[in-house]
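This is what each chain is made of:
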Amino acid sequence: QVQLVESGGGLVQFGGSLRLSCAASGNIFSINAEGWYRQAPGKQRELVAAFTKLGSTNYADSVKGRFTLSRDSAKNTVYLQMNSLKPEDTAVYYCFANLKSSVISTYSDYWGQGTQVTVSS
């Protein structure tokens, strides 16, 4: 069973920084994509940043130049460094991974429990 455990959310002032972590555990054979989504109250969940298997990193236009996605493969952990935070970044942030847990399984989506990020003005 694959689990994604997030940490690092909290309350920060306008212009501040936070780093989110997402640690994956369990049987992981191959990762197709991994990264972060977010969902603000009354809005749809949106992609923030993601690695793809092809080696590219995709960012939402609204976070380009401010957020950086990185990975520590030894720890199976993905990080989202968020700088120059704005009130409109306030949301619940969800870690995700599209992966297969064995050679015979299919790729499936896994999600973390979500971590709240609140940016005060």
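The coordinates are above.
Now for a description of the structure that goes with this document. (Residues numbered from 1 in each chain as written. Predicted model: local features only at pLDDT ≥ 70, side-chain atom pairs only at ≥ 80, totals over all residues. Heavy atoms only, no water.)

Next up on the list: the state of the cysteines. A disulfide bridge is the covalent bond that connects two cysteines by way of their sulfur atoms. In the structure shown here, the tally under the stated rule is one disulfide. Here Cys-22 pairs with Cys-95 through a disulfide, and the sulfurs are 1.9 Å apart. With the S-S dihedral at roughly -70 degrees, the linkage between Cys-22 and Cys-95 falls on the left-handed side. Of this pair, Cys-22 sits in strand 3 (residues 18-25) while Cys-95 sits in strand 9 (residues 91-100), placing them 73 residues apart in sequence. Exposure class is identical for Cys-22 and Cys-95. Each is buried. (Disulfide = S-S within 2.5 Å. Helix = DSSP H or I, 4+ residues; strand = E, 2+ residues; numbered from the N terminus. Buried < 20%, exposed > 50% of the residue type's maximum accessible area, 1.4 Å probe, protein only.)

So, about the packing of aromatic side chains. What the rule picks out here adds up to three aromatic pairs. Here Tyr-37 and Trp-111 contribute two aromatic rings whose centre-to-centre distance is 5.3 Å and whose plane-to-plane angle is 65 degrees, an arrangement assigned as edge-to-face. With Tyr-37 in strand 4 (residues 30-39) and Trp-111 in strand 10 (residues 108-111), this residue pair connects regions lying 74 residues apart in the sequence. The class of Trp-111 is partly exposed, set by a relative accessible area of 36%. Ring geometry for Phe-96 against Trp-111: centres 5.7 Å apart, planes inclined by 35 degrees, an arrangement best described as tilted. In this pair, Phe-96 sits in strand 9 while Trp-111 sits in strand 10, placing the two residues 15 residues apart along the sequence. Grouped by ring-pair contacts, the aromatic residues Tyr-37, Phe-96 and Trp-111 constitute a single cluster. The positively charged end of Arg-45 is found above the aromatic ring belonging to Tyr-94, 3.8 Å away from the centroid. Between Arg-45 and the ring centre of Trp-111, over which it is positioned, the NZ or CZ distance is 4.8 Å. (Phe/Tyr/Trp six-rings, centres within 6.5 Å; stacked < 30°, edge-to-face > 60°. Lys NZ or Arg CZ within 6 Å of the ring centre and 35° of its normal.)

Turning our eyes to something else, we now look at the environment of Thr-118. Counting through the fold element by element, Thr-118 comes out in strand 11 (residues 115-120). Note on Thr-118: relative accessible area 28%, which makes it partly exposed. Between the C-alpha atom of Thr-118 and that of Glu-88, which follows or precedes it by 30 residues, the distance is 9.0 Å. Contact partners of Thr-118, with chain neighbours within four places excluded, come to Gly-10, Leu-11, Val-12 and Thr-90. Of the polar contacts made by the side chain of Thr-118, one reaches the side chain of Gln-116; its length is 3.3 Å. (Contact = heavy atoms within 4.5 Å. Polar contact = N/O pair within 3.5 Å; in protein donor to acceptor, adjacent residues only side chain to side chain.)

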